[in-house]
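Results of the structural survey
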Amino acid sequence: MRKGIGEEFKTSPYRRYKNDLEAGTSSREIDDEEDEGSGPFDIVRTKSAPLDRLRRWRQAALVLNASRRFRYTLDLKKEEERKQMIAKIRMHAQVIRAAVLFQAAGEGVNEPGVSKKLPSIQGHVDDFDVSLEELVSISREHDLSLLEQHGGVKGVADKVKSNLEKGVPGDETDLINRKHSFGSNTYPRKKGRSFWRFLWEACRDTTLIILMVAAAASLALGIKSEGIKEGWYDGGSIALAVLIVIVFTAVSDYRQSLQFQNLNEEKQNIHMEVVRGGRRIMISIFDIVVGDVVPLKIGDQVPADGVLITGHSLAIDESSMTGESKIVHKDPRAPYLMSGCKVADGYGTMLVTSVGINTEWGLLMASISEDNGEETPLQVRLNGVATFIGIVGLAVAVVVLVVLVIRYFTGKTNDPGGQQFRAGQTSVSDAIDGFIKIFTVAVTIVVVAVPEGLPLAVTLTLAYSMRKMMADKALVRRLSACETMGSATTICSDKTGTLTLNEMTVVDVFACGKKIEPPDNKSLLPPNVMSLLLEGISQNTTGSIYVPEDSKALEISGSPTEKAILQWGVNLGMDFNAVRSKSLIIHAFPFNSEKKRGGVALKLSDSEFHVHWKGAAEIVLASCTYYMDSNGCILQMEEDQVSYFKKAIEDMAAGSLRCVALAYRSYEMETVPSNEVEIENWQLPEEDLILLAIVGIKDPCRPGVRDAVQLCIDAGVKVRMVTGDNLQTAKAIAVECGILGSNGDATEPNLIEGKAFRAMSETQRLELADKISVMGRSSPNDKLLLVQALRKKGHVVAVTGDGTNDAPALHEADIGLAMGIQGTEVAKESSDIIILDDNFASVVKVVRWGRSVYANIQKFIQFQLTVNVAALIINVVAAVSSGNVPLSAVQLLWVNLIMDTLGALALATEPPTDHLMRRPPVGRREPLITNVMWRNLIIQALYQVTVLLILNFRGRSILNLEDESDDRAFKVKNTLIFNAFVLCQIFNELNARKPDEINVWKGVTKNRLFMGIVGLTVVLQVIIIFFLGKFTSTVRLSWKLWLVSIVIGIISWPLAIVGKLIPVPERPFSDFFTKKIRKERESGG
């Protein structure tokens, strides 16, 4: 094992940099600075937000239905219970293991089946020589003597009919048989909430409960005074309206929850490489069976319980199972691997012995419910908006209640159809009935005024966006990332596989002091050089080659770089298995992104030892003191030869090639460690190497990546390339992709090397961070330092990463984007979004969707506030002036349904437009309600209030209803007001689609859901007016009055166009108020 491994891996790799002084300030400190002195609803970053901050905003929110409002936020109580449950299960596993060890120590022998009381099922042993229970006890007890009783790893493999090299046969019958005998790699999931649960939650709204009680009282009094035939209408209509609201809400919420459920299943479906029938294939983690041979490399998740077959420097992070962030090294003395743990370092292969519920991880996952609650910054801010509007609405409702009650009991209610209160003459039941009607209206105003649906609209639009993003090859792991991406100001992207295709081929080779053309020209390579090259290629690799029996094309697996070099070896005539059989790997230094090289020590059949290295060309070249000439002789590396190879590397890099060098040295048998423990801690010699070859690997740019980068630039998002590759290679690709305008831009500080950035002071890094476009030869820690510097400068940073060591940067960034194909499991777990096709164009699509989420919420806010303001003002003014309200309780409930559930569905599902990518990112501290929205809202609300109040007070004369009876005229006028009000909202819904564009019809036909909802609303409104008059206190309108209603509604379109021509100040209106308040506080202080 190499020097310092203990220090380097004492903690989990994704926590390793948390207290690193060089790494600068942690995100927690940055966030604390941001949060200082801010209100409870001002949480800029919910990622890793402290629990007390999350509690604060929940306590500050005005909520009518807590179970519904907080459904998709983190359940703080459940989170505590979940942590306790995990601790209990971990403790249980450790107690069992301790008991086994104690018993073994006491008796000096460990009888098989000491702890057979562990939860497991007796397996079928018809086709296998071992029972399920025996296999489970091997995995759970971690007892070596028990493994030895079964004949060690080889014995267990034979008993489960598996081959340590070729794996299980892999045919359908065999796999079904294994699942039947030993179980499948799944665990029972807790069922999602049923529809009835959502229905019950919708019923728990405080205001709706009050309305139901009022409806019941009204029903009883109505039947008592007017008989059952006529008396049930008032109470019955309110009860029916409330039921419709409840059902609509429950259906909408249930559909949403199903979408989240599907996405969660997708999140857990990890794909792993296994060896079946001698070939490596990719399968779902759920399809892994007992007997499978699984290759493991750094960053992988251990997919099931098992034992180690072979391993080199294999270190496992068991924190997910034990709760302790300690790295455990695996070797034949400690071969047990636990499901759910991560590979922190090295590589190896394992034999699967237990799957699913028979593993500790399976027990753990089956015992805890997946709580995906997580608030997003927008959700928290909207709760703040809803609370403010709710308080205003409550105040208005109280005013309306007081005014109407006073006017009613003083006999000044101006209601031609209703009962006037006369002291001493009106019966008690009539007086109570009158009061209940007034009270019902006041409560309904609260229902309309408190926008319960506002925070839920975020969840709705996020659920819709997440589903659509899956089709765009992006899997969202954290809800908040979806909306934060809309605010991203910079994207730090990897080069390989993200900006390039990751389809690598060796196109240039320098060996024996000259260029080999073509690269696979064997005649230019002496036999001894060829032999050493093929030895290094076949042994110093994590890839493999499968030779099909039917002499089809070879199947090469591994990372793209490994595959390219193996393919080159095959072209040179390499027989992979034959070359590997000539030597034995005694120790390995796995490739790592910090050192940018990997090596192996080989024992040859004649007791000769070779150490092979492979890695970044200039780094390996610096360790070489010799090279081999065209005769195969070893020569001293003179200055001119070093210059020749350096020039070759520069030329290849300038041609955007990745440069990799292969070198070796022989080693004396006496200096090789003799025992296993010494070999484990042996640091492979890195000096006095003999250069074998330098290869240039072509990885072409992805088609369309230049357009994607340009899209980002137009949208005000700066793309930065952060790569481990040579600076010249990085520069060539950056120019090709459009990240650098031309070679003229490729100067410091636009272009910088990782070590130069790392060597700077924190102040210098902050000054320089903004200017950096390309960082070459960067280590994961350099990426982390850049992210921290950019965040401190106020940027919202998105970072792509695929390696285990990228985890700290992915965690630190505002949005961590892991690669789905090349990304390790550790990187994916630290990320917020997984880019399934590793394509930069998909990252840009995520930006589009992020902006769309924010824009859709703003559209919905504008629409909802217009309805709120108009409905409240109309009812307050009418109540104060005439003692009655034109919009009744049932009518207001229908308006609330249009506004909350249907409006949210229609506007939250607007697809993203190109217009969104032509404006700068939305700042995280920018007000939710922009000046443009205030302008649109005030114009529409003012128009609706003016027209409808004129109709309320002068409607009888304007509509020529003087000849009609008072009761009839009153009902016609109020029906017209209600009809016109609803139609105004329908037409205004179209205006809300494009708050800052003249053409509101653009793209409307593409959104079928929007069209369907608007159509449904119109149809239901017609049904209400024509057929449900008894319930809604309306009468049928003549075609002329329908025309009047439509004209009143349609005027909102030209009005919106005129309004959009009115310029608004750039400075947000809210700034003027906060500045004024601050001044008053300061003068008061």
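Analysis parameters
Residues numbered from 1 in each chain as written. Predicted model: local features only at pLDDT ≥ 70, side-chain atom pairs only at ≥ 80, totals over all residues. Heavy atoms only, no water. UniProt positions renumbered as here; feature names shortened; annotations may be inferred. Helix = DSSP H or I, 4+ residues; strand = E, 2+ residues; numbered from the N terminus. Core = buried A, V, L, I, M, F, W, Y, C linked by side-chain atoms within 4.5 Å. Buried < 20%, exposed > 50% of the residue type's maximum accessible area, 1.4 Å probe, protein only. Contact = heavy atoms within 4.5 Å. Salt bridge = Lys/Arg side-chain N within 4 Å of Asp/Glu carboxyl O. Axes fitted to C-alpha atoms, helices over the stretch in contact; angles between N-to-C directions. Parallel < 35°, antiparallel > 145°, perpendicular 65-115°, else oblique. Nonpolar A, V, L, I, M, F, W, Y, C, P; charged D, E, K, R; others polar. Pairing = 2+ DSSP bridges.

The chain goes by Calcium-transporting ATPase in an unreviewed UniProt entry, where it is assigned to Olea europaea subsp. europaea. Taken from UniProt, the Function (unreviewed entry) comment for the chain reads in full: "Catalyzes the hydrolysis of ATP coupled with the transport of calcium." Quoted verbatim from the Sequence similarities (unreviewed entry) heading of the UniProt record, the comment on the chain is "Belongs to the cation transport ATPase (P-type) (TC 3.A.3) family. Type IIB subfamily."

Right, let's talk about the UniProt feature "transmembrane region" (unreviewed entry) in the chain for a bit. As annotated by UniProt and renumbered to match this structure, "transmembrane region" (unreviewed entry) occupies residues 198-223, 235-254, 385-409, 438-464, 1009-1029 and 1041-1062. Secondary structure over residues 235-254 splits into 100% helix and 0% strand, and the C-alpha atoms at its two ends are 29 Å apart. Taken end to end, residues 1009-1029 is 95% helix and 0% strand, and its first and last C-alpha atoms sit 29 Å apart.

Before going further, it helps to spend a moment on the nonpolar core. Core analysis: the biggest nonpolar cluster contains 153 residues, and Ile739, Ile815, Ile833, Phe840, Ile861 and Phe981 have the highest contact counts within it. A total of 19 residues in this core trace back to one element, the largest contributor, which is helix 32 (residues 840-882). Those residues within four positions of isoleucine 833 in sequence are excluded, and the remaining contacts are Ala474, Leu475, Val476, Arg477, Ala481, Ile815, Gly816, Leu817, Ala818 and Val846.

Next up on the list: the pattern of salt bridges. In a structure, side chains of opposite charge can pair up when their charged atoms sit close to one another. Going through the model one piece at a time under the given rule, you end up with 34 salt bridges. As a salt-bridge pair, arginine 178 and aspartate 174 come within 3.0 Å of each other at their nearest N and O atoms. Here aspartate 174 and arginine 178 lie together in helix 9 (residues 172-182), a separation of four residues that amounts to about one turn. We classify arginine 178 as buried; its relative accessible area is 0%. Judged by its relative accessible area of 14%, aspartate 174 falls in the buried class. A salt bridge links lysine 783 to aspartate 494, with the nearest nitrogen and oxygen atoms 2.8 Å apart. Of the two residues, lysine 783 sits in helix 29 (residues 780-792) while aspartate 494 sits in the loop between strand 9 (490-493) and strand 10 (505-511), which places them 289 residues apart along the sequence.

With that out of the way, let us pick up the environment of serine 779. On the secondary structure map, serine 779 appears in the loop between strand 23 (774-776) and helix 29. In this structure, the C-alpha to C-alpha distance between serine 779 and glutamate 594, residues 185 residues apart in sequence, is 5.3 Å.

Next up on the list: the packing of helix 16 (residues 428-449) against helix 33 (residues 889-908). For the pair helix 16 and helix 33, the least separation of the axes is 9 Å and the interaxial angle reads 5 degrees. Here helix 33 runs roughly parallel to helix 16, going by the angle between their axes. Residues Thr440, Val441, Thr444, Ile445, Val447 and Val448 of helix 16 touch helix 33, and the partners they reach there are Ala889, Leu892, Leu893, Asn896 and Met899. Considered class by class, the residues forming the contact of helix 16 with helix 33 number eight nonpolar, three polar and no charged.

Attention now moves to the pairing of strand 24 (residues 797-801). For strand 24, a buried count of five out of five residues is recorded, marking the element as mostly surrounded by other parts of the structure. Going residue by residue along strand 24, you find Val797, Val799 and Gly801 tucked away on one face and Ala798 and Thr800 tucked away on the opposite face as well. Bridging between strand 9 and strand 24 involves three bridges; their strand directions are parallel. Among the inter-strand pairings, cysteine 492 is bridged to a residue of strand 24, identified as valine 799. Sheet topology note: the strand 24/strand 25 (residues 815-819) ladder contains four bridges and is parallel. Among the inter-strand pairings, glycine 801 is bridged to a residue of strand 25, identified as alanine 818.

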